[in-house]
Amino acid sequence: MAKYRSGPATPVPVIRATVRLDKWLWQARFYRTRSAATDAVAGGHFRVNAVPGSKPAHAVGQGDTLTFPHMGRIRLIRVLALAVRRGDAVQAHSLYLDLDAPPAAPQPLE
């Protein structure tokens, strides 16, 4: 019978669930169509975890931080979840946490 050495255990790699960046942006309803999300990412103004990335197939997962221009402002978003399919606005909002402050409302003049 063979003897086995007992030594330090080999760490088991953790497999993290991810999805394509363009698909997640479409599912989270930042863009109306997936092709619009693909074009926006390909424009090269996206950062994933502060690393510039211009590939629509870049993998994003829970906990990643996205920085990108959207509707005239810079968005800072943390991915909270991945979706199986594109849902309504309430489901889309549950996929992310908006880390930047909302734009200040203009103060009325007195």
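Higher on the page you've got the structure.
First, a word on scope: everything that follows refers to the structure included in this document.

The rules behind the values
- Here, residues in each chain are numbered from 1, in the same order as that chain's written sequence.
- Totals for whole chains, interfaces and linings use all residues, but because this is a predicted model, local features are given only for residues with pLDDT of at least 70 and pairs of side-chain atoms are given and counted only at 80 or more.
- To get the side-chain values, all heavy atoms of the structure are used, and hydrogens and water are removed first.
- By definition here, a salt bridge exists when the distance from a side-chain nitrogen of Lys or Arg to a carboxyl oxygen of Asp or Glu is within 4 Å.
- By the criteria applied, helices consist of DSSP H or I runs no shorter than four residues and strands consist of E runs no shorter than two, each listed in order from the N terminus.
- Summary of the burial criterion: residues with accessible area below 20% of their type's maximum are buried, those above 50% are exposed, and those between are partly exposed, where the area comes from a 1.4 Å probe applied to protein chains only.
- What makes two residues a contact is simply this: any of their non-hydrogen atoms within 4.5 Å.
- Any two strands with at least two DSSP bridges between them are considered paired.

This brings us to the pattern of salt bridges. Using the criterion set out here, one finds six salt bridges in the structure. Here Arg-73 makes a salt bridge to Asp-98, at a shortest N to O gap of 3.5 Å. Separated by 25 residues along the polypeptide, Arg-73 in strand 6 (residues 73-79) and Asp-98 in strand 7 (residues 96-98) bring together distant segments of the chain. Among the residues examined, Asp-98 registers a relative accessible area of 27% and is labelled partly exposed. Here the salt bridges share partners, and the residues they tie into one network are Arg-73, Arg-75, Asp-98 and Asp-100.

Let us look at the environment of Arg-20. Among the structural elements, Arg-20 can be located in strand 1 (residues 18-20). Residue classification places Arg-20 among the partly exposed residues on the basis of a relative accessible area of 34%. Measuring from C-alpha to C-alpha, the distance between Arg-20 and His-58 comes to 5.6 Å, with 38 residues separating the pair along the chain. Sequence-distant contacts of Arg-20, defined by excluding residues within four places in its chain, comprise Arg-34, Pro-56, Ala-57, His-58 and Val-60.

As a further point, take the pairing of strand 5 (residues 65-70). Bridge count between strand 2 (residues 46-48) and strand 5: two bridges; the pairing is antiparallel. Pairing of Arg-47 across the sheet is with Thr-67, part of strand 5. Here strand 5 pairs with strand 6 via six bridges, running antiparallel. Pairing of Thr-65 across the sheet is with Arg-78, part of strand 6. Following strand 5, the chain reverses through two residues before pairing antiparallel with strand 6; Met-71 in that reversal takes a positive phi of roughly 55 degrees.

Spatial relationships are all this shows, so hold off on functional conclusions.
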